Amino acid sequence: MVQTGYSPLGLTKIIMQNMKSDLKNVTIIGSGAWGSALADLVQRNDCHVQIWSRQSQSSLAALVSNSDAIISAVSIKGVRTIAEKLQTAKLLPHAVLVSATKGLEPTTGKTPSQIWQSLVPNHPLVVLSGPNLSKEIMEGKPAATVVASYNDDAAQFIQNIFASRNFRVYTNSDPIGVELGGTLKNVIAIAVGACDGLNLGTNAKSALIARSLIEIIRVGVYFGAQPETFWGLSGLGDLLATCNSNLSRNYQVGYAIAQGLSLDEAIAQVQGTAEGVNTANVLIEISDREKISVPVSRYVYRLLKGEITLQQAVEGLMERDLKPENLENLEL
Ligand SMILES: NC(=O)C1=CN([C@@H]2O[C@H](COP(=O)(O)OP(=O)(O)OC[C@H]3O[C@@H](n4cnc5c(N)ncnc54)[C@H](OP(=O)(O)O)[C@@H]3O)[C@@H](O)[C@H]2O)C=CC1
Ligand SMILES: O=C(CO)COP(=O)(O)O
């Protein structure tokens, strides 16, 4: 992602002015679980927050015309439509866009930030991702996240908007890595939910998480991410959160399948969006095309497609050819 069309120095000045003024205007797009939690966080920080969803009567263009920060928390299927709306809207010149979606676009294989960047290139873009189960955040429990951007000033601006006593916010300069950590772990959370649903034990679960992190890094490197980003909050951190909590919708999908439910039944039972199902499809298309080895995600994909049973997935993973652990060569 290359930021074009604005002056970083000008942005710094405007951001500093904004930080000093009492009230920042923030628009959150998406009133689902995550949009609502993010709105709650921003509200704690003396910001004027407005939430817009596709059900709103108000015009999005009118709402964002005075926003210092515009935060998109819709699921992946809504990202392009929303970005297209903002493409034609008149935004404040210094407005910062924040993408909080964890998914991959089916038709293009693009990440949300890539979609935003291609459609609204003249505004700084920040990716927000981390181990952030919305229910815990709504309950005011302590959590940490990452705001990543190629533009340091924009990342710091968003850091200040969100940071509070209960929400620790780190900046990072690898947005694509931060974004993919949050996106790809959703597929793994399905695998781990199934592993727990089958009661396969802590050794199996730990092996699954550790080996999955390696395949997440391989995909990340293909997308141009820094491998070390995945050891942080948005990679390992989010993998642990999502694979260890039955608050995770993706984990719930895997668990339900292990209880004998079909994928459709599992999705129907889960409240809200489980992005890992679609992400598995897109990821396998990419890994087939680019010859990236993603064994765990591939078994999740085949399981969700109904090509194999869960038992066959477990056997298939255990019976793969023996090989070195090979932590130095993560591109393969
Ligand atoms: N919940 C969580 O703990 C976290 C979620 N995320 C990510 O945030 C994103 C949203 O998740 P979450 O809020 O939990 O999901 P929900 O299912 O609760 O909400 C989804 C949101 O996306 C909107 N949406 C869906 N499709 C479209 C569309 N075609 N056009 C416009 N808007 C659309 C929905 O609008 P409507 O209400 O009108 O249907 C709703 O606002 C996901 O990518 C998720 O992975 C990230 C971190 C934490
Ligand atoms: O991304 C999340 C936590 O960081 C939310 O996970 P689920 O989408 O699986 O609920």
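Residues numbered from 1 in each chain as written. Chains lettered and ligands numbered in written order. Predicted model: local features only at pLDDT ≥ 70, side-chain atom pairs only at ≥ 80, totals over all residues. Heavy atoms only, no water.

Draft legend 1. Spotlight on the domain arrangement of the protein chain. Domain annotation for the protein chain reports domain 1 (8-173) and domain 2 (177-318). Taking only C-alpha atoms, the centre of domain 1 and the centre of domain 2 are 26 Å apart. The interface of domain 1 with domain 2 comprises 28 residues on the first partner and 25 residues on the second. Between domain 1 and domain 2, a total of about 2000 Å² is buried, with carbon and sulfur atoms accounting for 67% of that surface. For the pair domain 1 and domain 2, the interface holds one salt bridge. (Domains from an automatic or database assignment. Contact = heavy atoms within 4.5 Å. Buried area = accessible area lost by both parts, 1.4 Å probe. Salt bridge = Lys/Arg side-chain N within 4 Å of Asp/Glu carboxyl O.)

Draft legend 2. View of the pairing of strand β2 (residues 47-52). As judged from the six bridges shared by strand β1 (residues 24-29) and β2, these two strands associate in the parallel manner. Looking at the pairing, Lys24 lines up with Cys47 of β2. (Pairing = 2+ DSSP bridges. Helix = DSSP H or I, 4+ residues; strand = E, 2+ residues; numbered from the N terminus.)

Draft legend 3. Region of interest: the UniProt feature "binding site: NADPH" (unreviewed entry) in the protein chain. The UniProt record annotates "binding site: NADPH" (unreviewed entry) at Trp34, Arg54, Lys102, Ser134, Arg249 and Glu275. Those annotated residues lining the largest pocket are, specifically, Trp34, Arg54, Lys102, Ser134, Arg249 and Glu275. Relative to the helices and strands, Lys102 is located in the loop between β4 (96-99) and α5 (112-119). Looking at Lys102, the relative accessible area reads 16%, which means it is buried. In contact with Lys102, not counting residues within four places along its chain, are Ser129, Gly130, Gly182, Thr183, Lys185, Asn186, Asp238 and Glu275. Engagement of the side chain of Lys102 in a polar contact is seen with the backbone oxygen of Gly130, the distance being 3.1 Å. You can see Arg249 is positioned in helix α11 (residues 249-258). Arg249 sits in the partly exposed class, given a relative accessible area of 29%. Those residues in contact with Arg249, other than ones at most four positions away along the chain, are Val270, Gln271, Gly272, Thr273 and Ala274. (UniProt positions renumbered as here; feature names shortened; annotations may be inferred. 1 Å grid on protein atoms, 1.4 Å probe; cavity = no way out; pocket = protein on both sides within 12 Å on 5 of 7 lines; lining within 4 Å. Buried < 20%, exposed > 50% of the residue type's maximum accessible area, 1.4 Å probe, protein only. Polar contact = N/O pair within 3.5 Å; in protein donor to acceptor, adjacent residues only side chain to side chain.)

Draft legend 4. Up close: the site of ligand 1. Neighbouring residues of ligand 1: 22 residues in total, closest Trp34, Arg54, Ser134, Thr273 and Glu275. One of the backbone N or O atoms of Ala33 is found 2.9 Å from an oxygen atom in ligand 1. Between ligand 1 and Lys102, the relevant distance is 3.0 Å, taken from an oxygen atom to a main-chain nitrogen or oxygen of the residue. When isolated, ligand 1 has an accessible area of 890 Å², and the protein chains bury 85% of it. Taken together, the elements giving at least two residues each to the shell around ligand 1 come down to α2 (33-43) and α4 (76-87). Counted by class, the shell around ligand 1 contains six nonpolar, eleven polar and five charged residues. (Near = heavy atom within 4 Å. Areas by Shrake-Rupley, 256 points an atom, 1.4 Å probe, with all protein chains shown as cover. Nonpolar A, V, L, I, M, F, W, Y, C, P; charged D, E, K, R; others polar.)

Draft legend 5. Fine view of the pairing of strand β6 (residues 143-148). Counting buried residues in β6 gives six out of six residues, a clear majority hidden from the surface. By the alternation rule, side chains of β6 split into Ala143, Thr145 and Val147 and Ala144, Val146 and Ala148, which are all buried. By the bridge criterion, three bridges tie strand β5 (residues 125-129) to β6 in an arrangement that is antiparallel. Across the sheet, Ser129 pairs through a bridge with Val146, a residue of β6. As defined by bridge partners, β6 adjoins strand β7 (residues 167-172) across six bridges and the pair is classed as parallel. By the bridge assignment for β7, Thr145 is matched with Val169. Of the crossover connections in this fold, the one passing from β6 over helix α7 (residues 152-162) to the parallel β7 is right-handed. (Right-handed = clockwise from strand over helix to strand, strands pointing away.)

Draft legend 6. Broad picture of the pattern of salt bridges. Evaluated as defined, the whole model comprises ten salt bridges. A salt bridge links Arg44 to Asp40, with the shortest nitrogen-to-oxygen separation between them at 3.2 Å. The exposure class of Asp40 is partly exposed, given its relative accessible area of 25%. In this structure, Asp238 and Lys185 form a salt bridge, with 3.8 Å as the shortest nitrogen-oxygen distance. One end of the pair, Asp238, is in helix α10 (residues 233-243); the other, Lys185, is in helix α8 (residues 175-197), with 53 residues separating them in the sequence. With a relative accessible area of 2%, Asp238 lands in the buried category. The buried category is assigned to Lys185, whose relative accessible area is 5%.

Draft legend 7. Just unusual backbone geometry, in detail. Positive phi outside glycine occurs at Asn199, with the angle close to 60°. Turning to its location among the elements, Asn199 is positioned in the loop between α8 and α9 (202-223). Given a relative accessible area of 68%, Asn199 falls into the exposed group. The phi torsion at Lys291 lies on the positive side, around 55°, for a residue other than glycine. Relative to the helices and strands, Lys291 resides in the loop between α13 (276-290) and α14 (295-304).

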